[in-house]
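The lines below spell out each chain.
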Amino acid sequence: MDAVDDDELFDCTFASQVPGAAHLCGHDLHTAIGVDIALVLARLRKQLNGRVVFVFQSAEETCEGARAMIEENSRSAAVAASCRR
(Lines give C-alpha, C1' and ligand atoms only; values in the text may rest on other atoms or scores of the structure.)
Protein backbone atom coordinates (compact mmCIF):
# COMPACT_ATOMS: atom_id res chain seq x y z
CA MET A 1 0.00 0.00 0.00
CA ASP A 2 2.73 2.46 0.82
CA ALA A 3 5.35 1.86 -1.87
CA VAL A 4 5.99 4.57 -4.40
CA ASP A 5 7.67 4.40 -7.82
CA ASP A 6 11.15 5.49 -6.78
CA ASP A 7 14.37 4.10 -5.34
CA GLU A 8 15.02 3.90 -1.62
CA LEU A 9 16.96 6.82 -0.19
CA PHE A 10 18.03 5.20 3.08
CA ASP A 11 19.52 1.87 4.08
CA CYS A 12 17.23 0.72 6.86
CA THR A 13 15.45 -2.43 8.04
CA PHE A 14 12.12 -1.48 6.46
CA ALA A 15 13.60 -0.48 3.09
CA SER A 16 12.03 -2.06 0.05
CA GLN A 17 13.89 -4.99 -1.46
CA VAL A 18 12.27 -4.30 -4.84
CA PRO A 19 14.17 -2.00 -7.22
CA GLY A 20 12.05 1.00 -8.21
CA ALA A 21 9.66 0.61 -5.25
CA ALA A 22 10.40 2.67 -2.17
CA HIS A 23 8.91 3.40 1.23
CA LEU A 24 9.15 7.21 1.06
CA CYS A 25 5.81 8.31 2.43
CA GLY A 26 4.36 8.78 5.88
CA HIS A 27 1.57 6.19 5.93
CA ASP A 28 2.80 4.64 9.15
CA LEU A 29 2.90 7.97 10.95
CA HIS A 30 -0.34 9.24 9.38
CA THR A 31 -2.16 6.02 10.27
CA ALA A 32 -0.91 6.12 13.87
CA ILE A 33 -2.03 9.75 14.21
CA GLY A 34 -5.45 8.96 12.70
CA VAL A 35 -5.99 5.98 15.01
CA ASP A 36 -4.97 8.02 18.06
CA ILE A 37 -7.34 10.83 17.09
CA ALA A 38 -10.14 8.29 16.61
CA LEU A 39 -9.45 6.86 20.09
CA VAL A 40 -9.52 10.31 21.71
CA LEU A 41 -12.75 11.22 19.93
CA ALA A 42 -14.30 7.88 20.92
CA ARG A 43 -13.48 8.60 24.57
CA LEU A 44 -15.07 12.04 24.27
CA ARG A 45 -18.09 10.99 22.18
CA LYS A 46 -20.64 11.70 24.94
CA GLN A 47 -19.40 15.29 25.10
CA LEU A 48 -19.44 15.87 21.33
CA ASN A 49 -22.20 16.48 18.83
CA GLY A 50 -22.15 15.24 15.26
CA ARG A 51 -20.51 12.37 13.47
CA VAL A 52 -16.89 11.75 12.55
CA VAL A 53 -15.86 9.34 9.81
CA PHE A 54 -12.26 8.31 9.13
CA VAL A 55 -11.38 7.23 5.61
CA PHE A 56 -7.95 5.80 4.92
CA GLN A 57 -7.02 6.39 1.30
CA SER A 58 -4.37 4.43 -0.53
CA ALA A 59 -2.13 6.19 -3.07
CA GLU A 60 -2.81 9.62 -1.64
CA GLU A 61 0.50 10.88 -3.02
CA THR A 62 -0.94 10.85 -6.55
CA CYS A 63 -4.67 11.07 -5.71
CA GLU A 64 -5.13 7.79 -7.59
CA GLY A 65 -6.48 6.15 -4.43
CA ALA A 66 -9.35 8.63 -4.17
CA ARG A 67 -10.04 8.35 -7.87
CA ALA A 68 -10.19 4.54 -7.66
CA MET A 69 -12.45 4.70 -4.60
CA ILE A 70 -14.84 7.06 -6.37
CA GLU A 71 -14.80 5.10 -9.62
CA GLU A 72 -15.46 1.86 -7.75
CA ASN A 73 -18.31 3.56 -5.91
CA SER A 74 -17.18 1.98 -2.67
CA ARG A 75 -18.77 2.80 0.66
CA SER A 76 -15.68 4.79 1.58
CA ALA A 77 -15.98 6.83 -1.60
CA ALA A 78 -19.62 7.59 -0.85
CA VAL A 79 -18.67 8.80 2.62
CA ALA A 80 -15.74 10.83 1.27
CA ALA A 81 -17.94 12.41 -1.39
CA SER A 82 -20.60 13.33 1.17
CA CYS A 83 -17.99 15.12 3.28
CA ARG A 84 -16.87 17.48 0.52
CA ARG A 85 -17.64 21.14 1.01
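Residues numbered from 1 in each chain as written. Predicted model: local features only at pLDDT ≥ 70, side-chain atom pairs only at ≥ 80, totals over all residues. Heavy atoms only, no water.

Undergrad: I'm lost on the overall build of the protein chain in this one. Help?
TA: On a plain count of helices and strands, the protein chain comes out with three helices and two strands. Buried positions account for 14% of the 85 residues belonging to the protein chain. Intrachain contacts of the protein chain at a sequence separation of at least 6 include 22% that bridge at least 24 residues. About 7000 Å² of surface is accessible on the protein chain, with carbon and sulfur atoms providing 55% of the total. (Helix = DSSP H or I, 4+ residues; strand = E, 2+ residues; numbered from the N terminus. Buried < 20%, exposed > 50% of the residue type's maximum accessible area, 1.4 Å probe, protein only. Contact = heavy atoms within 4.5 Å. Areas by Shrake-Rupley, 256 points an atom, 1.4 Å probe, with all protein chains shown as cover.)

Undergrad: Could you clarify how one ought to interpret a nonpolar patch on the surface in this entry?
TA: On the surface, a nonpolar cluster with roughly 710 Å² of combined accessible area is contributed by Leu-29, Ile-33, Val-35, Ile-37, Leu-39, Val-52, Phe-54 and Phe-56. Counting through the fold element by element, Ile-37 comes out in helix H1 (residues 27-43). Using a relative accessible area of 41% as the deciding quantity, one classes Ile-37 as partly exposed. (Patch = residues over 30% accessible without salt bridge, like charges linked within 9 Å, V, L, I, M, F, W, Y side chains within 5 Å. Salt bridge = Lys/Arg side-chain N within 4 Å of Asp/Glu carboxyl O.)

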